Amino acid sequence: MSGTERKNIKSGLWVSIVLKTDQGTGKLTEGIVKDILTKSSTHPHGIKVRLASGQVGRVKEIKPNIGLQT
């Protein structure tokens, strides 16, 4: 599933995001989606989310069959 489409992102999913500070390096941070921050249906660089840890970034990967899909 693509992290650039809002319909693929749900609260409780396990994802990899790139934090703004890591955009230059491409370092990914994993966590569980708490809030979806992007209002549009798509975004070319990934949908912006807030993880349960409080970190904010754009979704690069959705980890299938791991999240607590709600």
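Scroll up to find the structure this text is about.
Note that the coordinates shown come from a computational prediction; the quantities given were computed from them, not determined experimentally. Residue positions are counted from 1 within each chain, in the order its sequence is given. Per-residue local features of the predicted model are confined to residues with pLDDT of at least 70, and side-chain atom pairs are confined, for both listing and counting, to 80 or more; whole-chain, interface and lining totals are unaffected and use all residues. No hydrogens and no water enter the side-chain calculation; it runs on all heavy atoms of the structure.

Draft legend 1. Examining the environment of Ser 16 more closely. Mapped onto the fold, Ser 16 is located in strand 1 (residues 14–19). With 15 residues separating them along the chain, Ser 16 and Gly 31 place their C-alpha atoms 6.6 Å apart. Contact definition: two residues touch when any of their heavy atoms are within 4.5 Å. Setting aside chain neighbours within four positions, we find Ser 16 in contact with Leu 28, Thr 29, Glu 30, Arg 58, Val 59, Lys 60, Glu 61 and Lys 63. We count a stretch as a helix when DSSP gives it H or I for four or more residues in a row; a strand needs E for two or more, and each element gets its number in order from the N terminus.

Draft legend 2. Region of interest: the sheet that holds strand 2 (residues 29–36). Spatially, 4 strands are ordered 1-2-3-4 in a closed barrel, and the strand pairing comes out antiparallel. Taking the axes of each pair of neighbouring strands and ignoring which way they run, one obtains an average angle of 70° across the sheet. Pairing between strand 1 and strand 2: 4 bridges, direction antiparallel. By the bridge assignment, Trp 14 is partnered in strand 2 with Ile 32. Strands are labelled as partners when DSSP assigns at least two bridges between them. To obtain each axis, a line is fitted to C-alpha atoms, and for helices this fit is confined to the stretch in contact; angles are then taken between N-to-C directions over 0 to 180 degrees.

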